[in-house]
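Chains, contacts and geometry: an overview
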Amino acid sequence: MLQKHRKKIFLSLLVSFGSVLHFIENMIPVPFPVPGAKLGLANIMSLIAVVFYGLKEGLMVSVIRCFIGALLSGSFSSLLYSLTGGILSTIVMAFAYKHFNNVFSLVGISLLGGVTHNFVQVTVASLVLSTFGLYVYLPFLMVIGLFTGLFTGLAAYFVKQNLDTTFVQIDFFEEEEPHETK
């Protein structure tokens, strides 16, 4: 019972931290001259959810975070782009983590997620605007996605290392002892 509550609390914290990172990222001037390019800091939390719990929980964190991000920024038009990019990149990262974590580090998995996110966003924008001319931006977004994926992956790696140590110290994943009934 306690384990179930710990999981909910941890996932809620990931959503909260992801929402805050999303909000902060929107306040930072975009250092990239390409439209749609972002750092993707909030994706750190989706990757952490995938690592500790799997695809379903990673998707929960990603989807809820996207909705909260849209509410905080007041930009519901960007919700379509962030939601589709977030969902598909989380699926790719979960698949890579589950089947290829002996090949890819968290940095490599994050790179796959960043590149997927950018490809999906360009595809959705092209469909919404009925122009495939937006694919001109794709090579630039892919290069940016490699750098942002590298940063996000390194951050996720260090967060995971810290959480692994902390969780072991507090027996976070240990099952509680059953209580005796009188």
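An account of the accompanying structure is given in this report. This is a predicted model, so every value here is computed, not measured.

This part is about the packing of aromatic side chains. Going through the model one piece at a time under the given rule, you end up with seven aromatic pairs. Geometrically, the ring pair formed by Phe10 and Phe52 is edge-to-face, given 5.6 Å between the ring centres and 80° between the ring planes. Of the two residues, Phe10 sits in helix 1 (residues 2–27) while Phe52 sits in helix 2 (residues 43–52), which places them 42 residues apart along the sequence. A centroid spacing of 6.1 Å and a plane angle of 15° characterise the contact between Phe132 and Tyr135, whose relative ring orientation is stacked. Counting every residue linked through ring pairs, the aromatic cluster contains Phe10, Phe52 and Tyr53.

Here we come to the packing of helix 2 against helix 5 (residues 106–129). Viewed as axis vectors pointing N to C, helix 2 and helix 5 meet at an angle of 125°, and their least axial separation amounts to 11 Å. The orientation of helix 2 relative to helix 5 falls into the category oblique. In terms of crossing hand, the pair formed by helix 2 and helix 5 is right-handed. Of the residues in helix 5, those in contact with Asn43, Leu47 and Val51 of helix 2 are Leu106, Ile109, Ser110 and His117. Tallied by class, residues from the contact of helix 2 with helix 5 come to four nonpolar, three polar and no charged.

Before going further, it helps to examine the side chain of Ser46. Within the element layout of this structure, Ser46 appears in helix 2. The class of Ser46 is buried, set by a relative accessible area of 0%. With residues near it in sequence (within four places) discarded, Ser46 still touches Gly58, Val61, Ser62, Arg65 and Thr90.

Another point: a nonpolar patch on the surface. On the surface, Val20, Phe23, Ile24, Met27, Ile28 and Leu72 cluster together to form a nonpolar patch covering roughly 530 Å² of accessible area. Counting residues per element, the nonpolar patch draws most heavily on helix 1, which supplies four residues. By the secondary structure assignment, Val20 is in helix 1. The exposure class assigned to Val20 is partly exposed, which follows from its relative accessible area of 46%.

If you add up the space inside the second largest pocket, you get close to 160 Å³. What lines the second largest pocket is Lys4, Lys7, Lys8, Leu11, Ser12, Val15, Lys56, Glu57, Met60, Val61 and Ile64. Secondary-structure elements contributing two or more residues to the lining of the second largest pocket are helix 1 and helix 3 (55–73). Across the lining of the second largest pocket, the residue classes tally to five nonpolar, one polar and five charged.

Conventions adopted
Residues numbered from 1 in each chain as written. Predicted model: local features only at pLDDT ≥ 70, side-chain atom pairs only at ≥ 80, totals over all residues. Heavy atoms only, no water. Phe/Tyr/Trp six-rings, centres within 6.5 Å; stacked < 30°, edge-to-face > 60°. Helix = DSSP H or I, 4+ residues; strand = E, 2+ residues; numbered from the N terminus. Axes fitted to C-alpha atoms, helices over the stretch in contact; angles between N-to-C directions. Parallel < 35°, antiparallel > 145°, perpendicular 65-115°, else oblique. Left-handed = near helix turned anticlockwise from the far one by under 90°. Contact = heavy atoms within 4.5 Å. Nonpolar A, V, L, I, M, F, W, Y, C, P; charged D, E, K, R; others polar. Buried < 20%, exposed > 50% of the residue type's maximum accessible area, 1.4 Å probe, protein only. Patch = residues over 30% accessible without salt bridge, like charges linked within 9 Å, V, L, I, M, F, W, Y side chains within 5 Å. Areas by Shrake-Rupley, 256 points an atom, 1.4 Å probe, with all protein chains shown as cover. Salt bridge = Lys/Arg side-chain N within 4 Å of Asp/Glu carboxyl O. 1 Å grid on protein atoms, 1.4 Å probe; cavity = no way out; pocket = protein on both sides within 12 Å on 5 of 7 lines; lining within 4 Å. Points joined across faces, edges and corners; volume = space filled by probe spheres on them.

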